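Coordinates in review
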Amino acid sequence: MSKTKKWITRFMMTCLFLMASLVTFQAISGVDAHTLISRLAAIFSQSSAVAASSTLEDAFDWSKYPKQTVTATGYTAGIESTGKQEGHPEYGITYSGVKVKRDLFSTIAADLSVFPIGTILFIPGYGYGVVADKGGAIKGNRLDLYYETVEDVYQQWGKKTVDVYVVQKGTGKLTEEALQALNEDKSLQVFRQQYIRSENR
């Protein structure tokens, strides 16, 4: 048998198998082929829309939020930023009492008279920041953005002047439960991996 005939035979067998599977599915579920194809097309188009908005910057209209220009630097939980070493009882604990976190909603430090504890900011190039900390050098329109390592600070941020968007003004309080709930918001999970440190690094 020639190669062409083999391919034609395989193609026909695959088509017959798919048709039999579709008929069986329709008989068991009661969903007709047209409805199934329409649903699959809708799922595919939603996935395509999310893929097109592959970053938070592109996914939302940030212009509807109040904007403020700040100078933002990066910090870590380590001795170079906080004076504390691992093993210190307050290592990695922010002024609000929550642990530092780099996630979809990361902990950041601010001047609390400008951005109270619990304020949610969107920082282009960084993501969402939740004010959880303050710092001696953080006065006025300045932010400190949490990163896990000094290398991350230098490679991913450094020091920038940037327009940030005030998504929600803080009340002066932040709990671990509230921060966890923000990071588990189902509608934003597609973006989460952009901000969580890769295990492969």
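Up top you'll find the structure we're talking about.
To start, this report covers the structure provided alongside it. All values reported here derive from a predicted model rather than from experimental measurement.

Within this structure, the stated rule accounts for two salt bridges. For the salt bridge of Asp163 with Lys67, the shortest nitrogen-to-oxygen distance reads 3.9 Å. Of this pair, Asp163 sits in strand S6 (residues 159-168) while Lys67 sits in strand S1 (residues 67-75), and the two are 96 residues apart along the sequence. Notably, a salt bridge pairs Asp103 with Arg192, separated by 2.8 Å at the nearest N-O pair. Here the residue Asp103 occupies a position in the loop between helix H4 (79-82) and strand S2 (105-110), and Arg192 occupies one in helix H7 (residues 189-192), the gap between them amounting to 89 residues.

This part takes up a nonpolar patch on the surface. Side chains of Ile8, Phe11 and Met12 sit close together on the surface and give an oily, nonpolar patch of about 330 Å² of accessible area. Relative accessible area serves as the criterion here: at 46%, Met12 is assigned to the partly exposed category.

The subject of this paragraph is the packing of aromatic side chains. One pass over the structure, following the stated rule, counts 11 aromatic pairs. With centroids separated by 3.9 Å and ring planes inclined at 0°, the aromatic side chains of Trp62 and Phe122 adopt a geometry described as stacked. Remark: Phe122 occurs in strand S3 (residues 120-123) and Trp62 occurs in the loop between helix H3 (56-59) and S1; sequence separation between them is 60 residues. Here Phe122 falls in the buried class, since its relative accessible area comes to 1%. The structure contains a cluster of three or more aromatic residues connected by ring pairs, namely Phe60, Trp62, Tyr65, Phe105, Phe122, Tyr128, Tyr165 and Phe191. If you follow Arg102 out to its NZ or CZ, it ends over the ring of Tyr126, 3.8 Å from the centre.

Calculation criteria
Residues numbered from 1 in each chain as written. Predicted model: local features only at pLDDT ≥ 70, side-chain atom pairs only at ≥ 80, totals over all residues. Heavy atoms only, no water. Salt bridge = Lys/Arg side-chain N within 4 Å of Asp/Glu carboxyl O. Helix = DSSP H or I, 4+ residues; strand = E, 2+ residues; numbered from the N terminus. Patch = residues over 30% accessible without salt bridge, like charges linked within 9 Å, V, L, I, M, F, W, Y side chains within 5 Å. Areas by Shrake-Rupley, 256 points an atom, 1.4 Å probe, with all protein chains shown as cover. Buried < 20%, exposed > 50% of the residue type's maximum accessible area, 1.4 Å probe, protein only. Phe/Tyr/Trp six-rings, centres within 6.5 Å; stacked < 30°, edge-to-face > 60°. Lys NZ or Arg CZ within 6 Å of the ring centre and 35° of its normal.

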